[in-house]
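# Structural features, examined
So you can see what is in the structure, the chains are spelled out below.
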Amino acid sequence: MRRCIGFGVRKLANTNMNGFITMTLDNKRLFTSLGVSAEYKLKEPDVSECKDLLFDEPHIPENTGLLRKHCDSYLELEALELIDQGCLQPNPSLYNALLKECAELGKLREGRIVHAHMLNSELKNDISIYNNLILMYAKCGSLVEAQRLFDTMSSKDVVTWTSMIIACSQNDKPKEALLLFAQMLHCGLKPNAFSFSSLLRASGAVSGSTHGMNIHACCIKYGCESNVYVGASLVDMYAKCGLMDEAQSIFDGLWTKNEVSWNALIAGLARKDEGEKALNIFQRMKREGFEPDQYTYSSILSACAIVGALERGKWIHAHVIKSGVKLVAFVGHTLLHMYAKSGSIEDAEKVFARLTEHDVVSWNSMLSGYAQHGLGSKALGHFESMLQTGVQPNAITFLCVLTACSHAGLVEQGQFHLNMMKTYGLEPKIEHYVTVVDSLGRAGKLDQALRFIREMPIEPTAEVWKALLGACRMHKNVDLGAYAAERVFELDPNDSGPYVILSNIYALAGRMSDVAKVRKMMKHCGARKEPACSWVEIENAVHMFVANDDTHPQSKEIYKMWEEINAKIKKIGYVPDNSHVLLFVDECEKEVALQHHSEKLALAFALLNTPPGSTIRIKKNIRVCSDCHAAVKFASQVIDREIIVRDTNRFHHFRNGSCSCGDYW
């Protein structure tokens, strides 16, 4: 056989494959668009002779070189040459192996050649080859050819239908996949575990959970719900629909679990911002002997970023290194994001430098980190470096740059980069306009911000007006604040935040009757204020606090520690800002209410339980108030430590009595 390798006639390798192989009994019409002159003849497929080989591994030795790289960058189909020379007997496993390799390499041209060759062979009626042809076309991105092939097949089995369902699901056509399932049942065919796995994937991509629940019912009806792959797909479907209780219930009920089911649950919890639960599931996964893969690491690092669990993030990073997983693609991106979101921008920079490849996602991740930490100048420098390397920025890139400009007070640079978007063929979206309004508002240019909103080429959303409302709160502009609030109430009446901000604006202006009206409106609409809480991570444990919290075992020590700090910072200039206390009480009682905000209790706890000189990291679920910001700033000078506070907007790095935001937030 070796003597035959060098003497093959590549009669199909250079054919014009621009057309599609249309299956028809008319030989001339069949190959007119294909450009193949050989005579092919089709017969009706004999279903009795077909074998279901779609999910079986072909019996072909590894590394046989079925596809061989050639100097013209195409792949030569050496196995087909051997068949033409009589050196190799064609069989379904061989064609299926070739099609599988074409699919894995994304070689549509070569896949078409295999299709044409098969039609000239004695296997032209083998249904298993047609099933794999559908998958090959789909994986190579030609769903149209897969659909045409499917439509022209006179005989279809359950694998044929499943192949087409998979094809639609993989090519972002979930509704079409679900429609095929209904047609499949109408034909009297019984779906199998592979059918349901693909259908559940499609259901997870469709809005709402109705389709997924219907498919779940069918899984039970056909006895496939106990299959390990179906079970993992059910967990993934419910998780993607945001129904984490159902996903957890399905997961707990699985007799057999695999890495996919663990990953689906962890990823779902991370998407729902339930980072602590995701971390617990990951630890349970390790205890039960399952080895995490790159998908696990990506999801669990996202969970660490959500809760700001830096120490556990470092522990996961150590696992990544130990497992030998390289910092490629999403693992590197999520690791970078974790460090940036957990308050260690220096470690994020180190990860960025060690990535095997710097694509637009990695550049964006670093830009986002700089923006969150208020490092506007670094963000702009990083953006320039990105352009110099030839990486094309996208809409997310500019959103990160605009956010960095907003947090750093770089108003003119922000507007310059908004206009730059069109240079790269990008149209600004609503989120880009929100950052510009926020930037103008923070700078006190409220009239200019209002004019910008009115001149926007797209209709302003509630988020745009919320940005202006927040600026009015900052600069105590009552009339414009009330106007912006009215627009928000029209567009998003159930968000409690704008009610609270407007109430604060009225309270600062001494208009207490208007405060009462806003609170009544808030109650009428059913909007509820989110309780403020802060948390710190110490020795892999998260300690959470709310205002006036007395439930912690160290409550007495915590309150005593804060009283000591409070006395010291008052001596060096701290004056409580009572404007944030809206209670109808005297000034002394207002000051008492201020002193037990959640971030102050978290700071006192951290001082009691961390080594002297170490950095303290505090996270908060809402924006830090101006009084706590001032108190922590003075505290950093008194205790001689760096204090990093992450709120919903950004990071604040407090050192030696000053903040990285420059009191601009």
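Each chain has its residues counted from 1, following the order in which its sequence is written. Restriction of local features to residues with pLDDT of at least 70 applies here, the model being predicted, together with a cutoff of 80 or more for giving and counting side-chain atom pairs; totals for whole chains, interfaces and linings are based on all residues. Excluding hydrogens and water, the side-chain values take into account all heavy atoms of the structure.

Inclusion rule: UniProt positions are given in the numbering used here, feature names are shortened, and annotations may be inferred rather than shown by experiment.
As recorded by an unreviewed UniProt entry, the protein chain carries the name DYW domain-containing protein and is attributed to Opuntia streptacantha. Note on the protein chain: under the UniProt heading Sequence similarities (unreviewed entry), the record states "Belongs to the PPR family. PCMP-H subfamily."

### Observations regarding helix H29 (residues 512-525)
The criterion, for reference: Secondary structure elements follow DSSP: runs of H or I of four or more residues count as helices, runs of E of two or more count as strands, with numbering from the N terminus. Expected span, for any helix, means 1.5 Å times one less than how many residues it has. Note on classification: 1.4 Å probe, protein chains only; a residue is buried when its accessible area is under 20% of the maximum for its type, exposed when over 50%, partly exposed between these limits. In this description, the arc belongs to the directions extending from the helix axis to the C-beta atoms. Two residues qualify as a contact provided that any one of their heavy atoms is within 4.5 Å of a heavy atom in the partner residue.
An ideal rise of 1.5 Å per residue puts 20 Å on 14 residues; H29 measures up with 20 Å between its terminal C-alpha atoms. Within H29, the full set of buried residues consists of Asp 514, Val 515, Val 518 and Met 522. Looking straight down H29, one finds its buried side chains confined to an arc of 105°; they lie on one side. What points out from H29, more than 90 degrees from its buried face, is the exposed set Ser 513, Lys 517, Lys 520, Lys 523 and His 524. Elements in contact with the buried residues of H29: helix H28 (496-508). A positive backbone phi angle near 80° is found at Gly 526, which sits one or two residues after H29.

### As for the pairing of strand E3 (residues 533-538)
We count it as follows: Two strands are counted as paired when DSSP detects at least two bridges linking them.
Most of E3 is tucked away: six of the six residues are buried. On E3, burial covers both faces: Cys 533, Trp 535 and Glu 537 on one face and Ser 534, Val 536 and Ile 538 on the other are all buried. Relative to strand E4 (residues 541-546), E3 is paired through six bridges, and the arrangement is antiparallel. Pairing of Ser 534 across the sheet is with Phe 545, part of E4. The loop that links E3 with its antiparallel partner E4 comprises two residues; one of these, Glu 539, has a positive phi angle of about 55°. Sheet topology note: the E3/strand E5 (residues 616-620) ladder contains two bridges and is antiparallel. Opposite Ser 534, over in E5, you have Lys 620 as the bridge partner.

### Considering the environment of Arg 271
Positionally, Arg 271 belongs in helix H14 (residues 259-271). For Arg 271 and Ser 299, which are 28 residues apart along the polypeptide, the C-alpha to C-alpha distance reads 8.7 Å. When residues no more than four places from it in sequence are discounted, the contact partners of Arg 271 are Ala 239 and Lys 240.

### A word on the pairing of E5
As a reminder, the rule being used: When the strands point away from the viewer, a crossover counts as right-handed if the path from the first strand over the helix to the second runs clockwise.
In terms of residue burial, E5 counts as a mostly covered element, since four of its five residues are buried. As a crossover connection, the stretch from E5 through helix H33 (residues 626-639) into strand E6 (residues 643-646) is right-handed.

### Looking at the UniProt feature "repeat: PPR" (unreviewed entry) in the protein chain
Per the UniProt record, "repeat: PPR" (unreviewed entry) is found at residues 91-125, 126-156, 157-191, 258-292, 293-327 and 359-393. Across residues 91-125, helical content stands at 74% and strand content at 0%; the span's end C-alpha atoms are separated by 12 Å. Summarising residues 359-393: 74% helix, 0% strand, and an end-to-end C-alpha distance of 10 Å.

### Looking at the packing of helix H27 (residues 478-491) against H28
Going by this rule: In this description, a line fitted to the C-alpha atoms serves as the axis of each element, helices being fitted only across the stretch in contact, and the angle between N-to-C directions of two axes falls anywhere from 0 to 180 degrees. Orientation is classified from the angle alone, with under 35 degrees giving roughly parallel, over 145 giving roughly antiparallel, 65 to 115 giving roughly perpendicular, and any other angle giving oblique. A clockwise turn of the near helix away from the far one marks a right-handed crossing, whereas an anticlockwise turn of less than a right angle marks a left-handed crossing. In this classification, the charged set is Asp, Glu, Lys and Arg, the nonpolar set is Ala, Val, Leu, Ile, Met, Phe, Trp, Tyr, Cys and Pro, and all remaining amino acids, among them Gly, are polar.
Between H27 and H28, the shortest axis-to-axis distance is 10 Å and the interhelical angle comes to 160°. The angle between H27 and H28 falls in the class roughly antiparallel. For H27 against H28, the interelement crossing comes out left-handed. Along its contact with H27, which presents Val 478, Gly 481, Ala 482, Ala 485, Val 488 and Phe 489, the element H28 presents Pro 498, Tyr 499, Leu 502, Ile 505 and Tyr 506. Within the contact of H27 with H28, the residues separate by chemical class into 10 nonpolar, one polar and no charged.

### Some details on unusual backbone geometry
At Lys 476, a residue that is not glycine, the phi angle is positive and equals roughly 60°. Of note, Lys 476 is situated in the loop between helix H26 (462-475) and H27. Look at Asp 640: it is not a glycine, yet its phi comes out positive at around 55°. Examined against the element boundaries, Asp 640 turns out to sit in the loop between H33 and E6. Relative accessible area serves as the criterion here: at 58%, Asp 640 is assigned to the exposed category.

### Side note on the pattern of salt bridges
Pairing of side chains with opposite charge becomes possible as their charged atoms draw close. Applicable threshold: Salt bridge criterion: a side-chain nitrogen from Lys or Arg within 4 Å of a carboxyl oxygen from Asp or Glu.
One pass over the structure, following the stated rule, counts 20 salt bridges. Residue Asp 514 pairs with Arg 511 through a salt bridge whose shortest N-O separation is 2.8 Å. Among the ionic pairs, Lys 600 bridges to Asp 627, the shortest N-O distance being 2.6 Å. Residue Lys 600 is found in helix H32 (residues 598-609), and its partner Asp 627 is found in helix H33; the two are separated by 27 residues along the sequence. The class of Asp 627 is buried, set by a relative accessible area of 1%. Residues joined in a network through salt bridges with shared partners are Glu 463, Lys 466, Asp 492 and Asp 495.

### Concerning the sheet that holds E6
Here we have six strands laid out as an open sheet, ordered E4-E3-E5-E6-E7-E8, and mixed in their pairing. Here the strands that pair on one side only, and so sit at the sheet edges, are E4 and strand E8 (658-659).

### Points about the packing of aromatic side chains
Inclusion rule: Any Phe, Tyr or Trp ring, taking Trp's six-membered ring, that has another such ring centre within 6.5 Å forms a pair; planes under 30 degrees apart are called stacked, those over 60 apart edge-to-face, and the others tilted.
Taken as a whole and judged by the stated rule, the model has 14 aromatic pairs. For the pair Phe 251 and Trp 262, a centre-to-centre distance of 4.8 Å together with 75° between the ring planes defines the contact as edge-to-face. Taken together, the residues span a long stretch of sequence, with Phe 251 in helix H13 (residues 244-253) and Trp 262 in helix H14 at a distance of 11 residues. You'll find Phe 251 and Trp 262 in the same group, each marked buried. The interplanar angle of 15° and the centroid separation of 4.3 Å between the aromatic rings of Phe 489 and Tyr 499 together place this pair among those described as stacked. Of this pair, Phe 489 sits in helix H27 while Tyr 499 sits in helix H28, and the two are 10 residues apart along the sequence. Exposure class is identical for Phe 489 and Tyr 499. Each is buried.

### Some words on the side chain of Ser 365
Considering the arrangement of structural elements, one finds Ser 365 in helix H20 (residues 360-372). Using a relative accessible area of 14% as the deciding quantity, one classes Ser 365 as buried. Discounting residues that sit within four places of it in the chain, Ser 365 has contacts with His 333 and Leu 336.

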